[in-house]
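Summary of structural features
Read off the chains here:
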Amino acid sequence: MSSALLAIGRRRTTAERRRDRERDIIRATREIFDERGTIDAQIDDIAKRVGINKALIYRHFAGKEELFALTLVDYLTELDGRLQEADGPRRQPLNRLRSLSETFVDFCLQYPAFTDCAMSLLRRTGDELFGEITEPVMVKLGTAMAAPLDRIATILKAGQRTGVFDEVDTAYLANHLYTQTLGSLHMARVGLIVSGSGPGHPVVHHADVGTVRSTAITATLATAVGQKALTTKLPTRQTTKQTTKQTRSARARAGDIS
C-alpha cells in the first residue's frame, strides 16, 4: 500500500475518532442535563463523565454555548422522530394536530432540561448566538428545529384547506405554537402558580402537571383554530328561547307532550 493511501486511511480514522468523541461528549452532556438540569451542568463534570481532560472539550466545540446547542439538536432529533411516529396523514387535521401536541407536551414533561435548553436559546438574540456558535453548528441547529416545525406547518396547511384552521402564515403559526408550548411547560418545570388573595398578599400554589398538560394541548388547538372560533355564530339567548319553543311545539304536535 502506498504512503499516500496510508495517510488517507489515518486521516479517515482520525476523523471517525473525532466524531465518536463528539458524540460521547454530547451524550454525556444530555445525561447530566436530564439528571441535574442545564444550570448545574458544568464542563468539568461533562469531561469527567466522558473520561477526558476538560481542555479536550474545547478542541471539539467553540465553547459551552455551542456544546449546549448541539445537545439541543440531539433532543430535537429525538422529538422529531416521535412526532413522525405519532402523526397519521390520513386523519383529520384537528386530530393530527392534537396528536402532535400531546407528543410534544409529553416529551417536554419527560425531559424538563429540553424545555430549559430550548427556552434559553429563544431568549438569545441572533447576534448573540452567532457570536458564540459557529456557522456549521447554527446550520445544524436550524435544520433540527425546522423538521418538527415543518410537520406542524404541514398539518396547519391541511386544516386551512378543509376550513378548520385560521388563514394565517403557517410557518409563523408553527413557530408560535412551538414557543407557546415551551412557555406553558415552563410552568410545570417551575411547579408554581401565583394568585392574589388580597392587596399585598400573593398566594403561591402548586402547579398541577396534569392541568398544565391539558391546558397546553387545548391552547395549541384553540390557537390553530383562531379567528374561526370567533366568527362562528353562537346561539343567542333569544335564539335559544325560540328553538326551545319550536321544539316543544313540534313534540306537542307529535303527541309527546300535552
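Remember, it's a predicted structure, so these values are computed and weren't measured experimentally.

We now examine a nonpolar patch on the surface. Taken together, the side chains of Val190, Leu192, Val194 and Val204 make up a nonpolar region of the molecular surface, amounting to roughly 370 Å² of accessible area. Tracing the sequence through the fold places Val194 in strand β1 (residues 192-196).

Let us now look at helix α5 (residues 93-110). Compared with the 26 Å implied by 1.5 Å per residue over 18 residues, the 26 Å span of α5 between its first and last C-alpha is a close match. Within α5 the residues assigned to the buried category are Pro93, Arg96, Leu97, Ser99, Leu100, Ser101, Thr103, Phe104, Val105, Phe107 and Cys108. Next to the buried residues of α5 lie α4 (64-86), α6 (112-122), α8 (135-161), α9 (170-190) and α10 (209-225).

This brings us to the nonpolar core. One finds Ile46, Ile57, Leu67, Leu76, Phe114, Leu156 and Tyr178 to be the most contacted residues of the largest nonpolar core, which totals 62 residues. Among the secondary structure elements, those contributing two or more residues to this core are α1 (3-36), α2 (43-50), α4, α5, α6, α8, α9 and α10. Composition of this core by domain shows at least three residues from each of domain 1 (17-60) and domain 2 (64-230). With near-sequence residues (within four places) excluded, Ile46 lies in contact with Ile25, Ala28, Thr29, Ile32, Ile57, Leu67 and Phe68.

Before going further, it helps to examine the UniProt feature "DNA-binding region" (unreviewed entry) in the protein. Residues annotated in UniProt with the feature "DNA-binding region" (unreviewed entry) correspond here to residues 42-61. Here residues 42-61 runs as 75% helix and 0% strand, with 14 Å between its end C-alpha atoms.

Applying the stated criterion across every chain yields a total of 7 aromatic pairs. For the pair Phe107 and Phe114, a centre-to-centre distance of 5.2 Å together with 80 degrees between the ring planes defines the contact as edge-to-face. By relative accessible area, which is 0% here, Phe107 ends up buried. Here the aromatic cluster, defined as three or more aromatic residues joined through ring pairs, consists of Tyr75, Phe104, Phe107, Tyr111, Phe114 and Tyr178. Here Arg30 stacks its cationic end above the ring of Tyr111, 4.7 Å away from the centre of that ring.

The rules behind the values
- Residues numbered from 1 in each chain as written.
- Predicted model: local features only at pLDDT ≥ 70, side-chain atom pairs only at ≥ 80, totals over all residues.
- Heavy atoms only, no water.
- Patch = residues over 30% accessible without salt bridge, like charges linked within 9 Å, V, L, I, M, F, W, Y side chains within 5 Å.
- Areas by Shrake-Rupley, 256 points an atom, 1.4 Å probe, with all protein chains shown as cover.
- Salt bridge = Lys/Arg side-chain N within 4 Å of Asp/Glu carboxyl O.
- Helix = DSSP H or I, 4+ residues; strand = E, 2+ residues; numbered from the N terminus.
- Expected span 1.5 Å × (residues − 1).
- Buried < 20%, exposed > 50% of the residue type's maximum accessible area, 1.4 Å probe, protein only.
- Contact = heavy atoms within 4.5 Å.
- Core = buried A, V, L, I, M, F, W, Y, C linked by side-chain atoms within 4.5 Å.
- Domains from an automatic or database assignment.
- UniProt positions renumbered as here; feature names shortened; annotations may be inferred.
- Phe/Tyr/Trp six-rings, centres within 6.5 Å; stacked < 30°, edge-to-face > 60°.
- Lys NZ or Arg CZ within 6 Å of the ring centre and 35° of its normal.

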